[in-house]
Amino acid sequence: MAANIRHFAIEADDVERARRFYERVFGWRFEAWGPPDFYRIHTGTPDDPGVGGALQARRTPLSGMGNRTFECTIGVEDLAPIVAAVEANGGQIDMAEFRIEGVGNLVYFIDPEGNRVGAMKYDAGHV
């Protein structure tokens, strides 16, 4: 069996604020599931389901120890509207768009919960 990413989780101090941010920036759908402040994340469509995820209350308060989670990069069709949506919805650009030759163009942002996330417009044919 291949070792592909099948699930990711985003921890948040304010789960509803994080939910609104990701709905508005990427159009993800959220489904309340299990305990309070826990959502299943649907990133794709029935034809292209993408990777499943979870949004949940932060388990341990942040404390300046740096990144303590996986850093995910989200594939997008166009970076300009993503950058605009990040800024319009309470996020901030952490690293301006830059080119990775043979792969695509990448930008990093910080979501309203302090998580660092990448958004990349992959080159045609890049898997």
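Below or above, wherever it landed, is the structure these notes cover. Computed from a predicted structure; not experimentally measured.

Rules behind the numbers
- Residues numbered from 1 in each chain as written.
- Predicted model: local features only at pLDDT ≥ 70, side-chain atom pairs only at ≥ 80, totals over all residues.
- Heavy atoms only, no water.
- Phe/Tyr/Trp six-rings, centres within 6.5 Å; stacked < 30°, edge-to-face > 60°.
- Helix = DSSP H or I, 4+ residues; strand = E, 2+ residues; numbered from the N terminus.
- Buried < 20%, exposed > 50% of the residue type's maximum accessible area, 1.4 Å probe, protein only.
- Lys NZ or Arg CZ within 6 Å of the ring centre and 35° of its normal.
- Pairing = 2+ DSSP bridges.
- Axes fitted to C-alpha atoms, helices over the stretch in contact; angles between N-to-C directions.
- Contact = heavy atoms within 4.5 Å.
- Salt bridge = Lys/Arg side-chain N within 4 Å of Asp/Glu carboxyl O.

### What to know about the packing of aromatic side chains
Consideration 1: If you walk through the whole model with that rule in mind, you get 9 aromatic pairs.
Consideration 2: On the basis of an interplanar angle of 35° and a centroid distance of 6.2 Å, the ring pair of Phe26 and Phe109 is categorised as tilted. With a gap of 83 residues between them, Phe26 in helix α1 (residues 15–26) and Phe109 in strand β7 (residues 104–110) connect regions that are remote in the sequence.
Consideration 3: We classify Phe26 as buried; its relative accessible area is 16%.
Consideration 4: The rings of Phe8, Phe21, Tyr22, Phe26, Trp28 and Phe109 are connected pair by pair, giving a single aromatic cluster.
Consideration 5: Over the ring of Trp33 we find Arg40; its NZ or CZ atom is 4.6 Å from the centre of that ring.
Consideration 6: Directly above the aromatic system of Tyr108 lies the positively charged group of Arg116, at a separation of 3.8 Å from the ring centroid.

### Details of the pairing of strand β4 (residues 52–57)
Consideration 1: Of the pairings in the sheet, the one linking strand β1 (residues 7–12) to β4 comprises 6 bridges and is parallel in character. In the strand pairing of β4, Ala12 is matched with Ala57.
Consideration 2: In this sheet, β4 lies alongside strand β3 (residues 38–42) in antiparallel orientation, the contact comprising 5 bridges. In the sheet register, Phe38 faces β4, and the bridge partner there is Gln56.

### A look at the sheet that holds β7
Consideration 1: Overall, mixed pairing links the 4 strands, which are arranged β5-β8-β7-β6 in an open sheet. On the outer flanks of this sheet lie β5 (73–75) and β6 (92–100), each paired with one strand and no other. The mean angle between the axes of side-by-side strands here comes to 20°, regardless of whether they run parallel or antiparallel.
Consideration 2: Note: β5 against strand β8 (residues 116–122), 3 bridges, orientation parallel. Its bridge partner lying in β8, Ile74 is registered against Ala119.
Consideration 3: Seen against the sheet, α1 touches β5, β7 and β8 and runs at an angle of roughly 155° to β7.

### Considering the pattern of salt bridges
Consideration 1: All told, the structure shown has 8 salt bridges when counted by the stated rule.
Consideration 2: As a salt-bridge pair, Arg17 and Glu113 come within 2.6 Å of each other at their nearest N and O atoms. Placement of Arg17 in helix α1 and of Glu113 in the loop between β7 and β8 is noted, with a sequence separation of 96 residues between them.
Consideration 3: Among the residues examined, Arg17 registers a relative accessible area of 33% and is labelled partly exposed.
Consideration 4: Judged by its relative accessible area of 3%, Glu113 is buried.
Consideration 5: The partner of Glu31 in a salt bridge is Arg40, and the shortest N-O contact between them spans 3.8 Å.
Consideration 6: For Glu31, a relative accessible area of 30% corresponds to the partly exposed category.
Consideration 7: Through salt bridges with shared partners, a single network forms among Glu16, Arg19 and Glu23.

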